[in-house]
Amino acid sequence: MQRRPVHGVLLLDKPLGLSSNDALQKAKWLLRAEKAGHTGTLDPLATGLLPLCFGAGTKFSQVSLDADKAYEAVLQLGVKTSTGDAEGEVLQRRPVDVTREQIEAACAAFTGEIDQVPPMHSALKHEGKALYDYARQGITIERPARRVTIHRIDILDWQDGEIQQLRIAVRCTKGTYIRTLGEDIGERLGCGAHLSALRRTGSGPLRVEDAITLDALAAMSEDERLALLRPPDSLLQDWPALRLDADEAGRFLSGLRRRVAAADAGQVRVYGPEPQAFLGSAHVKAGELIADRLLSPQEVQSLLAGPGT
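Rules behind the numbers
Residues numbered from 1 in each chain as written. Predicted model: local features only at pLDDT ≥ 70, side-chain atom pairs only at ≥ 80, totals over all residues. Heavy atoms only, no water. Core = buried A, V, L, I, M, F, W, Y, C linked by side-chain atoms within 4.5 Å. Buried < 20%, exposed > 50% of the residue type's maximum accessible area, 1.4 Å probe, protein only. Helix = DSSP H or I, 4+ residues; strand = E, 2+ residues; numbered from the N terminus. Contact = heavy atoms within 4.5 Å. 1 Å grid on protein atoms, 1.4 Å probe; cavity = no way out; pocket = protein on both sides within 12 Å on 5 of 7 lines; lining within 4 Å. Points joined across faces, edges and corners; volume = space filled by probe spheres on them. Polar contact = N/O pair within 3.5 Å; in protein donor to acceptor, adjacent residues only side chain to side chain.

**Student:** How would you sum up the nonpolar core? Please name residues and give values.
**Tutor:** Core analysis: the biggest nonpolar cluster contains 30 residues, and Leu77 and Ile185 have the highest contact counts within it. Counting residues per element, the ones that place at least two in this core are β4 (69–77), α3 (100–109), β10 (146–158), β11 (165–172), α5 (178–189) and β12 (193–203). Among the elements that make up this core, the one with the highest residue count is β10 (five residues). Look past the residues within four positions of isoleucine 185 in its chain and what remains in contact with it is Leu75, Ala106, Cys107, Phe110 and Ile168. Membership of the second largest hydrophobic core comes to 29 residues, among which are Cys53, Val63, Leu253 and Val300.

Next up, the structure:
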């Protein structure tokens, strides 16, 4: 199969049981793309939004990595497992005797800035080795707590019966472990809990409702697949925009600082005179536009010509 330059962002709805890298490689093969990367790992047991970046889009993948995330999670109350999710061995079973008011109070206790200890069963590295590799050998590594922010937790469904499950929606900063949050809520309730299902529903301004499954992607023609690609600046759509004339755009693309009549800003997206001529990201300081990540002139022309060109 002959690879080709492909530029843009594909919103994928990752299926259950597939790693993020496996999903990326399947989409990359279907698009015959030369260069691709994803914007944050989802565990095989998680489903949902996985933005994939191709070509010029990979230059801005960090933006999506750093963005706030949204999830829907199902917590199985009363059962604590070795991994904090449904894959682990059951360590403890406890009776569940909680009210909705107690659940609301427990969720509220973990809203705002909190310190969270990353789980041993995670891809976080210690001395170049993933923590889950140590965990599989029965080794526990001391992990410092990390500060994260839980913007909100909404109770979506509470089943008070034989199968006592709690479904919540979480909006949080990057680096938040929903598995750990579920365990902490379970301990707060006095019954324990583990994560039985997880779905990522949002990343920054991107939403899973706009994503496509691998099966649907495979059933499309090549042109239809390319048409699904969003431009690289879709990752930056909630940033302010600046537009330059042709001469200034050329100088900006060469890395030169430009004088602009704009207020200081830490993040801006920059365009040339054509409406779709995205040039890259920058910041404004003391009236100067300073480039951060630039597209090459060839990438700008490819994006203007259309996907896959």
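Let's pick the thread back up.
**Student:** Please provide a residue-by-residue account of the layout of surface pockets, values included.
**Tutor:** Roughly 1300 Å³ of volume is contained in the largest pocket. Taken together, 46 residues make up the lining of the largest pocket; nearest its centre are Thr41, Asp43, Ala123, Tyr177 and Arg179. The set of elements that each furnish at least two residues to the lining of the largest pocket consists of α1 (20–31), α2 (61–66), β4, α4 (131–136), β10, α5 and β12. The element contributing the most residues to the lining of the largest pocket is β12, with five residues. Of the volumes computed, that of the second largest pocket is approximately 270 Å³. Around the second largest pocket sit 18 residues that line it, and Pro119, Met120, Arg143, Thr180 and Glu183 are the ones nearest its centre.

**Student:** Give a description of the environment of arginine 93 that names residues and reports values.
**Tutor:** Mapped onto the secondary structure, arginine 93 falls in strand β6 (residues 90–93). By relative accessible area, which is 63% here, arginine 93 ends up exposed. Distance from arginine 93 to leucine 226, taken between C-alpha atoms, is 50 Å for residues 133 residues apart in sequence.

**Student:** Tell me about the side chain of serine 64, and please be specific about residues and values.
**Tutor:** On the secondary structure map, serine 64 appears in helix α2. Within the local environment of serine 64, its side chain forms a polar contact with the side chain of serine 203, the two groups lying 3.2 Å apart. If sequence neighbours within four positions are ignored, serine 64 has contacts with Thr39, Pro51, Lys69, Ser203 and Leu235.

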